[in-house]
Amino acid sequence: MPEVPPVPLSRLTTLRTGGTPARMIDAHTTGELVDALRETWADGDDWFVLGGGSNLFIDDEPFEGTVVRILTSGIDRIPSPRPGFARLRVQAGHDWDEVVASAVAQGLGGIEALSGIPGRPGPPRCRTSARTVRRSSRPSWRSS
Ligand SMILES: Cc1cc2nc3c(=O)[nH]c(=O)nc-3n(C[C@H](O)[C@H](O)[C@H](O)COP(=O)(O)OP(=O)(O)OC[C@H]3O[C@@H](n4cnc5c(N)ncnc54)[C@H](O)[C@@H]3O)c2cc1C
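Predicted, not measured: the structure shown is a model, and the values here were computed from it.

Asker: What am I meant to see in the overall build of the protein chain here?
Answerer: A count of helical and extended segments in the protein chain gives three helices and seven strands. When the helices and strands of the protein chain are listed from N to C terminus, the series reads β-β-α-β-β-β-β-α-α-β. Taken across its 144 residues, the protein chain has 28% of its residues classed as buried. Considering only residue pairs separated by 6 or more positions, the protein chain has 57% of its internal contacts joining residues 24 or more positions apart.

Asker: What's the story with the pairing of strand S2 (residues 21-27) in this structure? I'm lost.
Answerer: Pairing geometry for strand S1 (residues 3-4) and S2, over two bridges, is antiparallel. Its bridge partner being in S2, Val 4 is matched across the sheet by Met 24. With six bridges connecting them, S2 and strand S4 (residues 63-70) associate as parallel partners. Within S4, the residue paired with Arg 23 across the bridge is Thr 66.

Asker: Is there a simple way to think about the pairing of strand S6 (residues 87-90) in this case?
Answerer: Remark: a regular strand shows side chains that alternate across the two faces of the sheet. Of the two faces of S6, only the one carrying Leu 88 and Val 90 is buried; Arg 87 and Arg 89 on the other face are not. Inspection of the sheet shows strand S5 (residues 75-78) paired to S6 by four bridges, in the antiparallel sense. Bridging across to S6, Ile 75 finds its partner in Val 90.

Asker: Help me understand the environment of Thr 14 in this model?
Answerer: Counting through the fold element by element, Thr 14 comes out in the loop between S1 and S2. Overall, Thr 14 belongs to the partly exposed group, with 13 C-beta atoms counted inside 10 Å. Non-local contacts of Thr 14, meaning those with residues more than four positions away in its chain, are made with Gly 53, Ser 54 and Pro 118.

Asker: Just checking my understanding: could you explain helix H2 (residues 96-105) for this structure?
Answerer: Within the span of H2, buried status applies to Trp 96, Val 99, Val 100 and Ala 103. Mapping the buried residues of H2 onto a view down its axis gives an arc of 95 degrees, with all of them on the same face. Where the residues of H2 are buried, they touch S5 and S6. Phi turns positive one or two residues past the end of H2, at Gly 107, with a value near 80 degrees.

Asker: Is there a simple way to think about the sheet that holds S2 in this case?
Answerer: Strand order in this open sheet of four strands is S1-S2-S4-S3, and the pairing throughout is mixed. Here the strands that pair on one side only, and so sit at the sheet edges, are S1 and strand S3 (46-50). Together, S2, S3 and S4 form the strand contacts of helix H1 (residues 30-43), whose direction differs from that of S4 by roughly 160 degrees.

The rules we used
- Residues numbered from 1 in each chain as written.
- Predicted model: local features only at pLDDT ≥ 70, side-chain atom pairs only at ≥ 80, totals over all residues.
- Helix = DSSP H or I, 4+ residues; strand = E, 2+ residues; numbered from the N terminus.
- Buried ≥ 20, exposed ≤ 12 C-beta atoms within 10 Å, placed from the backbone.
- Contact = placed C-beta atoms within 7 Å.
- Pairing = 2+ DSSP bridges.
- Arc of directions from axis to C-beta.
- Axes fitted to C-alpha atoms, helices over the stretch in contact; angles between N-to-C directions.

In C-alpha cells, the structure reads:
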C-alpha cells in the first residue's frame, strides 16, 4: 500500500490549515484506494479522505489517524443509454476543472458553467454540481 511520509495538512488544504497526521496514504488507483480503506477500517483507526483540500478547515493539532489522499485520475467517455446525450466516467481524484475542459474539448455542452470550481469530483460537491448540470442542459455523466 502506498504509505507516504506524513506532511502537515496545511500544505494540502487551500485554507492552509491542518496539522500532521500519524499516517498518510496516497491512493493513485482505485485498487490502492480500496485496499487502503479496507485496511484502515480493519485497524479501527481514525481516518479521513482528502481530495483537493478546498472544502476543509482542519485543526492545526496533529491528527492521530490516517489520511487517505485520493489521487486517482482518468476520464472515459462511455456509451449513454439516451440518444443524443453523453456520459463520462470520471475518477474521484481527477481535477474538476480538467473534467470541464475535457468536456468542452469534446464538444459536450452543459458543464462549461462549472469551470473554476476548486477540488475533485469525488466529494459530495459532485451531487450539487450534477444537479446544476441537469438543470442547465441535461447531459448525462457519472463520477466513479
Ligand atoms: C471558491 C469556491 C467556489 C465553489 N463553488 C462551487 C460550486 O459552484 N458548486 C459546487 O457544487 N461546489 C462549489 N464549491 C465547493 C467545492 O466544490 C468543494 O470545495 C469541493 O467539492 C471540494 O473538493 P475537494 O476535492 O477539494 O475536497 P476536500 O476539501 O479534500 O474534501 C471535502 C470533503 O469531502 C470528502 N471527500 C473528499 N474526497 C472524497 C471522495 N472521493 N469520496 C467521498 N468523500 C470525499 C472529504 O473527506 C471532506 O469531508 C466551491 C468551493 C470554493 C472554495
